Structures are given as structure tokens and as C-alpha cells.
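Report on the structure
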Amino acid sequence: MAKAGKAANKGQGTKKVFKMGKKVLKDRKADFLKKKLKQQTKRKELNQKVDVQGGSDTIKVAWKGRQKEVDKKELQGDKKGRELLKKIAQKRVLNADEKHRLKMLGETGDLMHLWEVLREKSKSKEEKQKAISQIMEFTKDTFLDDVRRPDMSRIFQAVLKWGGPTTAEEVIARTKGHIADLCLSKHSNQFVKSLIEYSAQSQKPQLLSELKKAGHKIITHKNALVVLEHFYNKLNAENQNQLILSFFDGIDMVNYEGYPKLNEILKNIKPSSLEYKMIIERLFRIVSPSVTKGSFDNIVMHRLLETLLLYGTEFEIQDFLEAGMSGRTNHTAKIQCWVKKTDGFDEIYKKQLEEKAEKLKERIA
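The rules behind each value
- Residues numbered from 1 in each chain as written.
- Predicted model: local features only at pLDDT ≥ 70, side-chain atom pairs only at ≥ 80, totals over all residues.
- Heavy atoms only, no water.
- Helix = DSSP H or I, 4+ residues; strand = E, 2+ residues; numbered from the N terminus.
- Buried < 20%, exposed > 50% of the residue type's maximum accessible area, 1.4 Å probe, protein only.
- Contact = heavy atoms within 4.5 Å.
- Areas by Shrake-Rupley, 256 points an atom, 1.4 Å probe, with all protein chains shown as cover.
- Salt bridge = Lys/Arg side-chain N within 4 Å of Asp/Glu carboxyl O.
- Phe/Tyr/Trp six-rings, centres within 6.5 Å; stacked < 30°, edge-to-face > 60°.
- Lys NZ or Arg CZ within 6 Å of the ring centre and 35° of its normal.
- Expected span 1.5 Å × (residues − 1).
- Bend = angle between axes of the 7 residues up to and from the residue.
- Axes fitted to C-alpha atoms, helices over the stretch in contact; angles between N-to-C directions.
- Parallel < 35°, antiparallel > 145°, perpendicular 65-115°, else oblique.
- Nonpolar A, V, L, I, M, F, W, Y, C, P; charged D, E, K, R; others polar.
- Polar contact = N/O pair within 3.5 Å; in protein donor to acceptor, adjacent residues only side chain to side chain.

Topic: the overall build of the protein chain
Each helix and strand in the protein chain was counted, giving 19 helices and two strands. By residue count, 40% of the 365 residues in the protein chain fall in the buried class. Sequence-distant contacts, at least 24 apart, represent 62% of the contacts inside the protein chain between residues at least 6 apart. With an accessible surface of roughly 22,200 Å², the protein chain has 51% of that area assigned to carbon and sulfur atoms.

The following block contains the structure:
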């Protein structure tokens, strides 16, 4: 009897569980259908939005800080293209492949394809010249803005490499009066380096003239120092000295004995004179920020520092060494060498400077 009672209770329990399971399944099915209906409604609304915005043949997209018009026909040819078109219209986040496809559409895409022509070794000289002409024509109205963009800066570097002096002449004409500003940009400074590299020898004086006019403004800028160093290495000794003197705007040193060599000028001026103090003060104002920012690692700044150590006062040299103690420069050996040959200090102070340079060297190591 007890066994029969247990079996009956078990059967009732099974029925109860079955009823509960049936109810759960019904609830789940209802939730699923509700969710499905919601998805279909949402999809229908989104499709309607695309249709509303799809009245024109193009769609405007924000691309690298500017409005880019994309022809819808370029995206409607395949399923992925249509999906991309919907995502753009809905202002949804694009993945890497979609961004690349968008980049290769329209005029930007044409420029990228032309860039590929310049980079391929198998292309003939005529094909590359044709590509260069097309690139220059495409960018005629937006050249100065385009060259500041990383991708376009690389394209123009290739144009200068394969275009020769004729193309360089056209580029110089387009950038006239803007070379100094382009030196300050993170990407266009590399373009200016290429312009200096691939321009003819007869074209370099024009570039030098522009840099000299703004030398006092750009000498303390980290991006511009890269260009100045590159150009400095391309110049003869006389023009190198002229470039160095351009950093001292407002101080006319033409009539000084030793011109145009800065070291010779300082050697022939009395340290107590106003002119000497003005030159040293300007020199200190140029060198000190560059060391503090860590942009000391180039030959132009090395030359200016050497002059400061040779002709500066005790105050300027001590301040420089204290700035160098931050460990932002790895040219301690050069500093120590210059300190050892510095004139105008007694042996005790020279020893102190050498000790500070040694501490700096140990700290960086």
C-alpha cells in the first residue's frame, strides 16, 4: 500500500511538473514572438529611414575632418555595400574593413590608387608622370590643407620623389609663404623634408629664404627642428652660418667682425657690451626650452649649445646643466666634452661642471 501511495504521488508530481513545463514553454514562445515582432518593426523603421535619406544619388559622410560625398552607386552593387550604406545612414559605428572601403571611394580612393601606381616598381616612367599630373590636378584647390593630413603627406612625398625638379617647382609655388607653418605640423614637416631633399640645387635658396625669415619663430618647435636639421646638412658652410644667425631676429650682426660666424662675432665683442649680452640672452632663450622639452638631439641645437658653453656666463651654463639633470637628453658625453673646453672659468668651477655632467651621465645610464 505504501508503495502504491508513493507511485500515485510520483505520478501527480510528474503531471504538475509537465503542466509547469508547458506553461514555461508557452511563456517562452510568447516572449520569442514578441521579440521577433519588435525586431521586424525596428527593421522596417530603419529601412524607411534609409529610403527617406536615399532621395539623392550621393550621401554625405564626415571623413577626416571634412565632408565627403559618396556616390551610392559605388555601394549598391553588392550586399556588403548596401549594408555599409545603411550603417552610414543610421550613423552607426563602422568596422575596420568598412572604414577602408569608405576611404577608397570617391576622390580620396582615386588618389590612393594613383599613389599605388607611384609605389609600384613595375610601372613605367610615363605612367608615373601621368599619375603625378592627376594628383596635382585633384589637389589644386586644397593643397595646403591636404598636405597636413598623414595619408596625403605621404602621397605628396612620393610625388616629389618621382616628379623631379619640375614638380618641385610647382609645389614650391603652391607653398610660397607657408613653408614655415608647414614645418610646425606633425605630418607636413615630413613633406617639407622631402621638398628639400628632391628640389634642385637652384631651388634651395628660395626655401632657405623662407626658413630664415621665420627662423626665430620655429627654432624652439620640436617638429620644425627636424626640418632645420635636415636642411642644415644640405647647406654649405656659409649658408649654415646664415641659417644660425636667422634665429637672432632683431639683432643686426652684419657689420660685426667675424660675420657670419656666430662664434667669431662673440669672440670679437667685449663681454661687458650690450650687444654681447643681447646675443647671449637670446641664445639662452633658444637652447633652454629645447633641452627642457627633450628636443635637443639634433646638430643645430648642438651647435647653439656649444656656443653657449663657450661664451655664456656662469648662470646660463649652470641653469642648462640643471635642466639636463631631468634625464631627457642622452648627449651627456657631448655636454661634458664642451664643458671641458669652455674658457673663462676658474679650475674649481670647471671641476664642479664636470662633476655635474658625470652625475647626469650616471643618471641617464
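That shown, we press on.
Focus: the pattern of salt bridges
Throughout the structure, instances matching the rule amount to nine salt bridges. Across the pair Asp151 and Arg149 runs a salt bridge whose closest N-O atoms are separated by 3.5 Å. Comparing Asp151 with Arg149 shows no difference in burial state: the two are buried. The structure contains a network of salt bridges with shared partners spanning Asp146, Arg149 and Asp151.

Section: the packing of aromatic side chains
Counting across every chain of the model gives three aromatic pairs. Both rings, one in Phe143 and one in Phe156, keep their centres 4.6 Å apart while their planes meet at 50°; by these two values the pair is tilted. Pair noted here: Phe143 is in helix 6 (residues 143-146) and Phe156 is in helix 7 (residues 150-174), with a separation of 13 residues, a long-range link. Geometrically, the ring pair formed by Phe156 and Phe191 is edge-to-face, given 6.3 Å between the ring centres and 65° between the ring planes. In this pair, Phe156 sits in helix 7 while Phe191 sits in helix 9 (residues 188-198), placing the two residues 35 residues apart along the sequence. Of the two residues examined, Phe156 and Phe191, each falls in the buried class. Put simply, the rings of Phe143, Phe156 and Phe191 touch in pairs and so form one group of aromatic residues. Against the face of Trp115 rests Arg119, its NZ or CZ located 4.5 Å from the ring centre. When the ring centre of Trp162 is taken as origin, the NZ or CZ atom of Lys128, which lies over that ring, is 3.5 Å away.

Some details on helix 7
The end-to-end C-alpha distance of helix 7, which contains 25 residues, comes to just 19 Å, noticeably less than the 36 Å that a straight helix rising 1.5 Å per residue would cover. Of all the bends found along helix 7, the most pronounced is centred on Gly164 and spans about 130°, while Pro165, a proline, follows it within four residues.

Examining the packing of helix 12 (residues 222-232) against helix 16 (residues 299-311)
At their nearest, the axes of helix 12 and helix 16 sit 8 Å apart, and the two run at 85° to each other. One element, helix 12, and the other, helix 16, form an angle in the roughly perpendicular class. Between helix 12, through Leu225, Leu228, Glu229 and Tyr232, and helix 16, the contact on the second element is made entirely by Ile299, Val300, Met301 and Arg303. Residues that form the contact of helix 12 with helix 16 fall into these classes: six nonpolar, no polar and two charged.

Points about the side chain of Ser199
As for its position among the elements, Ser199 is in the loop between helix 9 and helix 10 (204-213). Given the relative accessible area of 6%, Ser199 is considered buried. Only 3.3 Å separates the side chain of Ser199 from the backbone oxygen of Ile196, close enough to count as a polar contact.

Description of helix 16
Here helix 16 spans 18 Å end to end across 13 residues, near enough to the 18 Å set by a 1.5 Å rise per residue. All of the buried residues in helix 16 are Val300, Met301, His302, Leu304, Leu305, Thr307, Leu308, Leu309 and Tyr311.

A few points about the side chain of His230
Mapped onto the elements of the fold, His230 is located in helix 12. Leaving out residues up to four positions away in the same chain, His230 has contacts with Lys193, Ile196 and Glu197.

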